[in-house]
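Here are the chains, one letter per residue:
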Amino acid sequence: MYRYLLLLLLSFVLVACGAEEEPTPAPTNTPAPTNTTAPTNTPVPTNTPAPTDTPEPTLTPIPETNSAKSLDEAAAAVVRIVGQGTFVDPEFGTQTNAAGSGSGFIISEDGIAVTNNHVVTGSALLRVYIDGENEPRNARVLGVSECSDLAVIDIDGDDFTYLDWYEGSPRVGLTVYAAGFPLGDPEYTLTRGIVSKARADGESSWSSVDSVVEHDARINPGNSGGPLLSEDGKVVAVNYASLDSANQYFAITYSEARSILAQLEAGNNVDSIGVNGTALTDGETLSGVWVASVESGSPADNAGIDPGDFITSLDGLVLGTDGTMADYCDVLRSNGPDDVIGVEVLRFDTSERLEGQLNGEKLVVVESFADPIVDNGGGSSSGTGGSTGAINYSGQFTEIIDDSGTLFVEVPVEWSDVSGAEWTIDGEYYGEALRASSDIDLYYDTWYTPGIFFGATREVQDPAVVLDNADLSETCNYEGREEYDDGIYVGFADIWGDCDGNDVGFLNIVALTENSDVMVQVQILIASEDGIDIISRITESFFVSQE
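Scoring rules and cut-offs
- Residues numbered from 1 in each chain as written.
- Predicted model: local features only at pLDDT ≥ 70, side-chain atom pairs only at ≥ 80, totals over all residues.
- Heavy atoms only, no water.
- Helix = DSSP H or I, 4+ residues; strand = E, 2+ residues; numbered from the N terminus.
- Buried < 20%, exposed > 50% of the residue type's maximum accessible area, 1.4 Å probe, protein only.
- Areas by Shrake-Rupley, 256 points an atom, 1.4 Å probe, with all protein chains shown as cover.
- Salt bridge = Lys/Arg side-chain N within 4 Å of Asp/Glu carboxyl O.
- Disulfide = S-S within 2.5 Å.

Novice: Which residues make up the overall build of the chain, and what values go with them?
Specialist: In terms of helices and strands, the chain carries 8 helices and 30 strands. Looking at the chain as a whole, 48% of its 547 residues qualify as buried. When the accessible surface of the chain is summed, it comes to about 26800 Å², and 46% of that surface belongs to carbon and sulfur atoms.

Novice: Describe in detail the pattern of salt bridges, supporting the description with residues and values.
Specialist: A complete count under the given rule lists 15 salt bridges for this structure. For the salt bridge of Glu214 with Lys197, the shortest nitrogen-to-oxygen distance reads 4.0 Å. Within this pair, whereas Glu214 is found in strand β9 (residues 212-215), its partner Lys197 is found in strand β8 (residues 189-200), the two being separated by 17 residues in sequence. Residue Asp210 is joined to Arg333 by a salt bridge in which the shortest nitrogen-to-oxygen separation is 3.8 Å. One end of the pair, Asp210, is in the loop between β8 and β9; the other, Arg333, is in helix α5 (residues 326-333), with 123 residues separating them in the sequence. One continuous salt-bridge network, built from bridges that share partners, spans Glu344, Arg353, Glu355 and Glu367.

Novice: Describe the environment of Cys147, with residues and values.
Specialist: Assignment of secondary structure puts Cys147 in the loop between β5 (137-145) and β6 (150-155). A C-alpha to C-alpha distance of 7.7 Å links Cys147 and Trp206, two positions 59 residues apart in sequence.

Novice: Would you mind going over the state of the cysteines in detail, with residue names and values included?
Specialist: The full count for this structure, using the stated rule, is 2 disulfides. Put simply, Cys147 and Cys329 are joined by a disulfide, and their sulfur atoms are 2.2 Å apart. Between Cys147 and Cys329, the S-S dihedral sits near -100°, and the bridge is therefore left-handed. Here the residue Cys147 occupies a position in the loop between β5 and β6, and Cys329 occupies one in helix α5, the gap between them amounting to 182 residues. Across this residue pair, the class does not change: Cys147 and Cys329 are buried. The partner cysteine of Cys476 in its disulfide is Cys499, sulfur to sulfur 2.0 Å. In this structure the cystine formed by Cys476 and Cys499 twists about its S-S bond by roughly 115°; its chirality is therefore right-handed. Taken together, the positions of Cys476 in the loop between α7 (463-468) and β26 (477-485) and Cys499 in the loop between β27 (489-497) and β28 (505-513) put the pair 23 residues apart, joining distant regions of the chain. A relative accessible area of 0% places Cys499 in the buried class. In the chain, the bonded cysteines, numbered by position in the sequence, are linked as 1-2, 3-4.

Structure (structure tokens):
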């Protein structure tokens, strides 16, 4: 029933001194010569006066700077960055106002700081925590590089302590320290190790970095964007990835960062189209770049790419076949920022394939990859023998809550289209309700889109009568009525199948609380072999709070 496998998210789970001058010694006084018998008319010479002392030269003072002079002082220039925004996750669906935490470091006293692209991209706002300050500062993104996983931000304020870059290439055996704020902990953390490989593989599912060092100074999620420091507090590289199981950690070298950071600081994006992307593959026929968020006004946004889209090719090159961004970044690095690039996208929310161009023509639908609707011979093709959905179930569930905050239920993460509006009948308030599906409109308009309706009302009726009035025999095959008792709610459940020619099941539960003051109705349309698991999870989790 489903052609496309659940995308597997591959993670990479992975200053100056001066020397004083010696003062020039003052010459000693020249002694006067002793008198001799003077010849006639020859004057006697007077004593030569001693010269005055030569003044000592004044040393030119070395200007004071805010650069960190030691590993201890470097802590003041390492910052914690908290970004907040809305993202679409391939496993958990839409994450509204989700917050993530990373690290960064200041490189100039006016607040210019470096971090990873994946720390800041997609965030609607950034909060930066500075050493010794209780309240965060705002910051804005100046420029990003998706492929090099670098970003430059401008923190509000000035007169900051900043870090200098390490001079020279990091050698194997160099002692290094990973600085930052792992796991979102507000406490500054420093771990020690050595450079174990001077040139490591920089390919990952979210970037394609050319120059990377491997080290064993432990880093964790949250260290991303933080500095890898030398023993005197200079920045050797920018931490960005880890393979914790192998005690391998990776950082972007200054040789990679130098030219890119200058462009980012000037306000230019490098090797970027404006997406927060991750390469995914099922290992067989499906691969590409999942789009978690899109930057407003970017080439991707102008082309019509949406969060939740799956970019399968650029200029005809299939992306992500090896689970990395290598092919994606090769195309971007082979083109200028304004060049026209062909793009192909799968949009799972609508089961459509789209084609268009970056910096050119907008995306248009060229194909639907949902199963075709089959005519049952009755002259109508609407709602008959339709697809049971293009979504594969991951087995992951998420709790949803209605607008009143009184109804709770766990549903598949794929049912990301959620409504918590009131339950109304003929326009009149009847109770509170929750609805969820991959597409609520299709859930109500067809018999092939799974979903749920969960309502609660104090307009209590006999559950059997309510079910009798919900006769679906003209559309579905009636498979019987069962008693329902989950320990909180007691009533009945009607079971229907093969609705409108579709291989689906429809469960309609009506039950009362123990004291019969609240009636609940739960309607579940299932259309997959995972239906029993979905029904079990829903019936175990739905709840009405009466506080």
